[in-house]
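Structural description and commentary
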Amino acid sequence: MAGGLVALLDDVAVLARAAAASIDDIGAAAAKAGAKAAGVVVDDAAVTPQYVRSLAAERELPIIKRIAVGSLRNKFFIILPAVLLLSQFVPWLLTPILMLGGAYLCYEGAEKVWAKIAHHDAHGASEQKVQDETTLVSGAVRTDLILSAEIMVITLNEVIDEAFWSRLAILAVVAVVITVLVYGVVALIVKMDDAGLRLSQRSGAVATFGRGLVRAMPVVLTVLTVVGTAAMLWVGGHILLLGTNELNLHFLYEAVHHVEVAAHDATGVLGGLVGWLVNTVASAILGLIVGALVVLVMTLTLHRRKSKAAAATAAATTRADGTIPAPPSRAARRRDAPADRAPRG
């Protein structure tokens, strides 16, 4: 009987070690897969503080909490089932979907670069009206759905060869960790100036530190935006680079790989770092080119239609207010005149 108990305990210990090893493997795989989504994570952390910019200080954290809960609902009830079904039944669709997400990242990054060059807001935030909290949270959760979908698809691509239950566990871990990380960082950023303001009202070194926090807030947001934009271009371009290679369009990948290997071999001890930098810069350049092309297409199609609709709405509003529109110019009257009208004299 004692021998049977010892054998049972030994079996339990073996199972416990196997379970611990499995948990370690899941954690390592989740960390590796989550790192691949760094560009989207940084952008998510940079975008979310904009949603609470116009709110009272006491409502900032409750709103961030509501957005975080909505983000978890997005991941667990919409995205996670969808990507698991995708990976289980039509895994060949993963690369095209991932490339679409990569193109969207390139578009977002290039649009922000263009907005900086042209000195206007890429998303028209300067024209946004103050919204009620429910509308604000709904808009933030919709934006999060896109960013979360990209994170989860990137993660899935890294663990596609794992068993179904391992994939489920890894994706669930990444979903929770990324959400806590992003919205924890957002909460710290949003309350940084409030904490600095309170500390600045004290004396000595504490007050100096508080004033430094207040001054650092715009710098932190600027750095986050720049890093997020660069990371989006890099991650998006790298996804497209790998995707084209998997779709048997090898010339881009082979060209970048050739330069990367040459740089690695020419720099000795620093070869690993230099090779990675070459690949990163090449991916970012590809992302910027693809993103610029998408921005051009969007500007010539969707954005132009929106501008015309906005102009028509403004004109209709002006007439409804009783304002007499300005008379058409002589050139406009000449252009609009019937073509078959007989010339004078």
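Refer to the preceding data block for the structure.
Residues numbered from 1 in each chain as written. Predicted model: local features only at pLDDT ≥ 70, side-chain atom pairs only at ≥ 80, totals over all residues. Heavy atoms only, no water.

**Considerations on the overall build of the chain**
Note the threshold: The way it works is that DSSP assigns letters per residue, a run of H or I at least four long becomes a helix, a run of E at least two long becomes a strand, and they are numbered from the N terminus. Partly exposed residues are those whose accessible area sits between 20% and 50% of the maximum for their type, while under 20% is buried and over 50% is exposed, using a 1.4 Å probe and protein chains only.
On a plain count of helices and strands, the chain comes out with ten helices and zero strands. Element order for the chain, N to C, with α for helix and β for strand: α-α-α-α-α-α-α-α-α-α. Each of the 345 residues in the chain was classed as buried or not, and the buried ones make up 32%.

**Considerations on the packing of helix H5 (residues 133–158) against helix H6 (residues 164–200)**
Cut-off, in case you're wondering: Think of each axis as a best-fit line through the C-alpha atoms, taken over the contacting stretch in the case of a helix, with angles from 0 to 180 degrees between the N-to-C directions. Note on terminology: angles under 35 degrees are roughly parallel, angles over 145 are roughly antiparallel, angles of 65 to 115 are roughly perpendicular, and the others are oblique. For any pair of crossing helices, the crossing counts as left-handed if the nearer helix is rotated counterclockwise from the farther one by less than a right angle, and right-handed if it is rotated clockwise. Contacts between residues were defined by any pair of non-hydrogen atoms, one from each residue, lying within 4.5 Å. Residues are grouped as follows: nonpolar covers Ala, Val, Leu, Ile, Met, Phe, Trp, Tyr, Cys and Pro; charged covers Asp, Glu, Lys and Arg; every other residue, Gly included, is treated as polar.
Running from amino to carboxyl end, H5 crosses H6 at an angle of 140°, the nearest separation of the two axes being 10 Å. The angle between H5 and H6 falls in the class oblique. For the crossing formed where H5 meets H6, the hand is right-handed. Two secondary-structure elements touch here, H5 through Asp144, Ile151, Met152, Thr155 and Leu156 and H6 through Arg167, Ile170, Leu171, Val174, Ala175, Ile178 and Tyr183. Along the lines of polarity and charge, the residues of the contact of H5 with H6 split into nine nonpolar, one polar and two charged.

**Some points on helix H3 (residues 57–89)**
Inclusion rule: Here the expected length of a helix is defined as 1.5 Å per residue gap, with one fewer gap than residues. One fitted axis covers the seven residues ending at a residue, a second covers the seven starting there, and the bend at that residue is the angle between these axes.
Here H3 spans 48 Å end to end across 33 residues, near enough to the 48 Å set by a 1.5 Å rise per residue. In the structure, H3 departs most strongly from a straight axis at Ile79, where the bend amounts to approximately 40° and where the proline Pro81 lies between one and four residues downstream.

**Things to note about the side chain of Ser87**
Here is the rule we go by: Pairing of N or O atoms within 3.5 Å defines a polar contact, subject to two protein rules: one partner must be a possible hydrogen donor and the other a possible acceptor, and residues neighboring in sequence count only if both atoms are side-chain atoms.
Locating Ser87 in the fold gives a position in helix H3. By relative accessible area, which is 8% here, Ser87 ends up buried. Within the local environment of Ser87, its side chain forms a polar contact with the backbone oxygen of Leu84, the two atoms lying 2.9 Å apart. Looking at Ser87, its side chain comes within polar contact range of the side chain of Arg167, at 2.6 Å. Other than its neighbours up to four places away in sequence, Ser87 contacts Leu156, Ile160 and Arg167.

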